[in-house]
Amino acid sequence: GLLQEAAGATSANFPTRASFCGAMNYVDHSRYDIQINQPGMFATMMGGGKKTDDQLMAEEYVGCLLSLSRVLSDWVNDNLPKEEALLHADHYMQKVSMIDTVNTELAVELMEQNGLTTARRQQLETNYQQLKRANGQKVPQFGAKKKKCWCC
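Below is a summary of the structure that appears in this document. Position numbers for residues count from 1 along each chain, tracking the sequence in the order it is written. Residue-level local features of this predicted model are given only where pLDDT is at least 70; pairs of side-chain atoms are given and counted only at 80 or more, and the full residue set underlies all totals for whole chains, interfaces and linings. Note that the side-chain values use all heavy atoms of the structure and ignore hydrogens as well as water.

### Side note on the packing of helix H4 (residues 82-97) against helix H6 (residues 118-134)
The relative placement of two packed helices comes down to the angle between their axes together with the axis-to-axis distance. The N-to-C vectors of H4 and H6 enclose an angle of 130°; their axes lie 10 Å apart at closest approach. The angle between the axes of H4 and H6 places the two elements in the oblique class. H4 and H6 meet at a crossing whose hand is left-handed. Touching Lys82, Ala85, Leu86, Ala89, Asp90 and Met93 of H4 are Tyr128, Leu131, Lys132 and Ala134, all from H6. To get an axis, a line is fitted to the C-alpha atoms, and for a helix only the part in contact is used. The angle between two axes follows their N-to-C directions and goes from 0 to 180 degrees. A run of H or I in DSSP becomes a helix once it reaches four residues, and a run of E becomes a strand once it reaches two; helices and strands are each numbered from the N terminus. Throughout this description, any angle smaller than 35 degrees is read as roughly parallel, any larger than 145 degrees as roughly antiparallel, any in the 65 to 115 degree range as roughly perpendicular, and the remainder as oblique. Should the near helix be turned anticlockwise from the far one by less than a right angle, the crossing is termed left-handed; should it be turned clockwise, right-handed. In what follows, a contact means two residues having at least one pair of non-hydrogen atoms within 4.5 Å.

So this is what it looks like as structure tokens:
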């Protein structure tokens with residue numbers, strides 16, 4: 001059954017309950033997954049070295065936002081049904097929420113390098129809210145009351 005299948009799955013291929021739709025079919029998010037892999041400053045200068053946790057978290061965070069951007073773009077352009085778009089968007093939003101802290105300076109730098117300007121991030125927020133509304137779900141409010149800000 002489903003529980004037996006889930007018990008054998010790893011977190012890498014069984015990320016969230018939001019990854020299921022309809023008759024419990026697994027939703028493949030891979031076409032939207034974007035990985036940021038910037039070389040570390042030390043690695044660039046010295047030809048080796050390891051990234052800091054701050055760098056890794058910023059890359060993960062920005063990768064999730066870029067993935068979310070791709071999902072929302074497909075939905076806005078009518079290339080993805082609203083129900084499927086919501087499954088993908090919620091998947092990436094959950095991944096963002098699981099990131100403990102992000103170095104704002106690093107994250108903003110990476111976002112800018114990848115085209116996620118302030119205006120683009122505001123548009124992502126608006127599009128995500130519209131997607132939630134289109135699916136009859138509670139529309140999230142991003143602002144001062146939440147634990148961490150939307151963009152970093």
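From this point on, the discussion continues.
### Points about the packing of helix H3 (residues 53-76) against H4
Where H3 contacts H4, the two axes come as close as 9 Å, and the packing angle between them is 170°. In terms of axis orientation, H3 runs roughly antiparallel to H4. For the pair H3 and H4, the crossing hand works out as left-handed. Seen from H3, the contacting residues are Glu60, Tyr61, Cys64, Leu65, Ser67, Leu68, Val71 and Trp75; seen from H4, they are Lys82, Ala85, His88, Ala89, Tyr92, Met93, Lys95 and Val96. Classes in brief: Ala, Val, Leu, Ile, Met, Phe, Trp, Tyr, Cys and Pro nonpolar; Asp, Glu, Lys and Arg charged; the others, Gly included, polar. Within the contact of H3 with H4, the residues separate by chemical class into eleven nonpolar, two polar and three charged.

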